Amino acid sequence: MEPPDAPNPHPPDAPATDRGAAGTTAEVVGESAGTAERVASLAPSATATLSAMGAGDAVVGVTTHCPLDRPRVGGWLNPEYDRLADLAPDLVCTADPLQADVRDELRERGYDVCHVEPDRIDAVIESFATLGGAVGRPDAGARLAAAARDRLAAVRERVSATGAGPNRSRESNAAGFDADDSRPVVYCEEWGDPPMAAGNWVPDAVAAAGGRYPFRDPGDRSRAVSRERVERADPDHVVVHHCGHGDGADPSLLADRGWDLDAAVHVLDDDLLNQPSPALLDGVERLARLLHGEQ
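Residues numbered from 1 in each chain as written. Predicted model: local features only at pLDDT ≥ 70, side-chain atom pairs only at ≥ 80, totals over all residues. Heavy atoms only, no water.

A.B. asks: Requested: an account of the packing of helix α5 (residues 138-162) against helix α11 (residues 279-292), with residues and values cited.
C.D. replies: Running from N to C, α5 and α11 point in directions that differ by 10 degrees, and their axes come no closer than 10 Å. Regarding the angle of α5 to α11, the classification is roughly parallel. Seen from α5, the contacting residues are Ala 148, Arg 151, Leu 152, Val 155, Arg 158, Val 159 and Thr 162; seen from α11, they are Leu 281, Asp 282, Val 284, Glu 285, Ala 288 and His 292. (Axes fitted to C-alpha atoms, helices over the stretch in contact; angles between N-to-C directions. Helix = DSSP H or I, 4+ residues; strand = E, 2+ residues; numbered from the N terminus. Parallel < 35°, antiparallel > 145°, perpendicular 65-115°, else oblique. Contact = heavy atoms within 4.5 Å.)

A.B. asks: Outline the nonpolar core, listing residues and values.
C.D. replies: Burial of nonpolar side chains together is a common tendency in soluble globular proteins. With 63 residues, the main nonpolar core has Leu 50, Cys 188 and Leu 273 as its most contacted residues. Among the elements that line this core, the one with the most residues is α5, at seven residues. Sequence-distant contacts of Leu 50, defined by excluding residues within four places in its chain, comprise Val 39, Ala 55, Gly 56, Val 59, Cys 93, Leu 131 and Val 135. With twelve residues, the next largest nonpolar core counts Tyr 81, Leu 84, Leu 87 and Val 113 among its residues. (Core = buried A, V, L, I, M, F, W, Y, C linked by side-chain atoms within 4.5 Å. Buried < 20%, exposed > 50% of the residue type's maximum accessible area, 1.4 Å probe, protein only.)

A.B. asks: Report on the pairing of strand β4 (residues 91-95), specifying residues and quantitative values.
C.D. replies: Counting buried positions along β4 gives five out of five residues, so the element sits mostly inside the fold. Burial along β4 is two-sided: Leu 91, Cys 93 and Ala 95 facing one way and Val 92 and Thr 94 facing the other are all buried. Relative to β4, strand β2 (residues 39-41) is paired through three bridges, and the arrangement is parallel. Paired with Ala 40 across the bridge in β4 is Val 92. (Pairing = 2+ DSSP bridges.)

A.B. asks: Can you break down the pattern of salt bridges residue by residue, with the values?
C.D. replies: For side chains bearing opposite charge, pairing can occur when the charged atoms are close. Under the definition given, this model contains 13 salt bridges. A salt bridge links Arg 221 to Asp 96; the shortest N-O distance between them is 3.8 Å. Placement of the pair is Arg 221 in the loop between α7 (202-208) and β8 (223-224) and Asp 96 in the loop between β4 and α3 (100-108), with a sequence separation of 125 residues. A salt bridge links Arg 216 to Asp 220, with the shortest nitrogen-to-oxygen separation between them at 3.8 Å. Judged by relative accessible area, Asp 220 falls into the partly exposed class, the value being 29%. If you follow the salt bridges from partner to partner, you end up with Arg 151, Asp 282 and Glu 285 in one network. (Salt bridge = Lys/Arg side-chain N within 4 Å of Asp/Glu carboxyl O.)

A.B. asks: Provide a residue-level description of the packing of aromatic side chains, including the pertinent values.
C.D. replies: One pass over the full model with this rule turns up three aromatic pairs. With centroids separated by 6.1 Å and ring planes inclined at 45 degrees, the aromatic side chains of Tyr 187 and Trp 259 adopt a geometry described as tilted. A residue pair is termed long-range when its members are at least 10 positions apart, and Tyr 187 in strand β6 (residues 186-192) and Trp 259 in the loop between α9 (253-257) and β10 (264-267) qualify at 72 residues. Taken together, a centroid distance of 5.4 Å and an interplanar angle of 70 degrees make the contact between Tyr 213 and Phe 215 edge-to-face. Judged by relative accessible area, which is 4%, Phe 215 ranks as buried. Connected via pairs of aromatic rings, a cluster forms that spans Tyr 187, Tyr 213, Phe 215 and Trp 259. Here the guanidinium or amino end of Arg 109 rests over the ring plane of Tyr 81, the centre of that ring lying 4.2 Å away. Geometry around Trp 259 places Arg 257 over its ring, the cationic atom sitting 4.7 Å from the centre. (Phe/Tyr/Trp six-rings, centres within 6.5 Å; stacked < 30°, edge-to-face > 60°. Lys NZ or Arg CZ within 6 Å of the ring centre and 35° of its normal.)

A.B. asks: An account of the packing of helix α4 (residues 121-134) against α5 is requested, with residue identities and associated values reported.
C.D. replies: Relative orientation and spacing of two packed helices are given, respectively, by the angle between their axes and the distance between those axes. Contact pair α4 / α5: the axes reach a minimum separation of 6 Å and the direction vectors enclose 160 degrees. In terms of orientation, α4 and α5 fall into the roughly antiparallel class. Here the hand of the crossing between α4 and α5 comes out right-handed. Together, Ile 121, Asp 122, Ile 125, Glu 126, Phe 128, Ala 129, Gly 132 and Gly 133 of α4 and Pro 138, Gly 141, Ala 142, Leu 144, Ala 145, Ala 148, Arg 149 and Leu 152 of α5 make up the contact between the two elements. (Left-handed = near helix turned anticlockwise from the far one by under 90°.)

Encoded structure:
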């Protein structure tokens with residue numbers, strides 16, 4: 001899950017970052033990059049990705065939010081630098097613009113750092129290869145990225161074979177959609193107070209799963225959304241994946257707010273959509289099943 005010490009993972013005033021054509025910022029700085037034998041992961045997404053490629057044996061320290069059984073070095077945004085120093089890592093991994101200050105502090109302290117900031121689903125997958133190369137496992141990272149691309153392509157193929165969702169031409173016209181596009185409309189909520197429509201790679205994930213997502217453009221940061229905006233879109237499905245709540249969010253929260261929606265409400269473990277790791281591919285597959293049934 002995304003760390004609870006960052007209760008609003010993508011605040012409206014989050015700073016912009018310079019991004020390349022792949023939709024990501026990836027920085028690997030230091031002499032040990034590519035040859036590291038002792039890695040400290042200060043990002044749960046990096047910990048999950050390194051574990052998935054079989055590089056967990058190189059990880060000597062993690063945050064309190066990472067499930068890997070390793071010494072803890074504090075939180076995602078507030079690492080304990082004395083504990084980190086005791087572990088003497090060759091390389092430290094960080095992720096997301098919200099960790100930019102942590103990244104800078106690490107470099108000032110003399111650490112080699114691999115920092116990634118993917119904002120689209122293709123960039124998330126490419127970051128697997130970046131991490132693999134940074135820890136001296138380029139083949140493992142490339143294999144993990146290739147497997148993720150295959151999974152994404154397989155979902156797209158399956159949902160295309162199912163045909164579109166319910167016929168919503170009248171509502172679609174009212175909401176400004178293409179009347180001939182009958183894919184189900186999906187609202188994904190990343191945070192509840194205030195309600196925030198998920199951005200970054202989530203619009204890509206919904207599209208890959210065969211849905212429409214009129215709330216944020218792919219790559220845009222998550223933003224607060226009004227009840228009127230969501231009601232006007234008239235979603236078929238609401239997906240609640242509140243940061244730091246796992247799968248424990250209350251599905252009745254929309255009705256409790258007084259939102260007038262005729263939609264199926266699904267609560268997902270937040271890792272499945274919030275974490276830029278292989279868990280995101282699990283999330284896309286889960287979304288496809290929710291929107292179109294078993295395929």
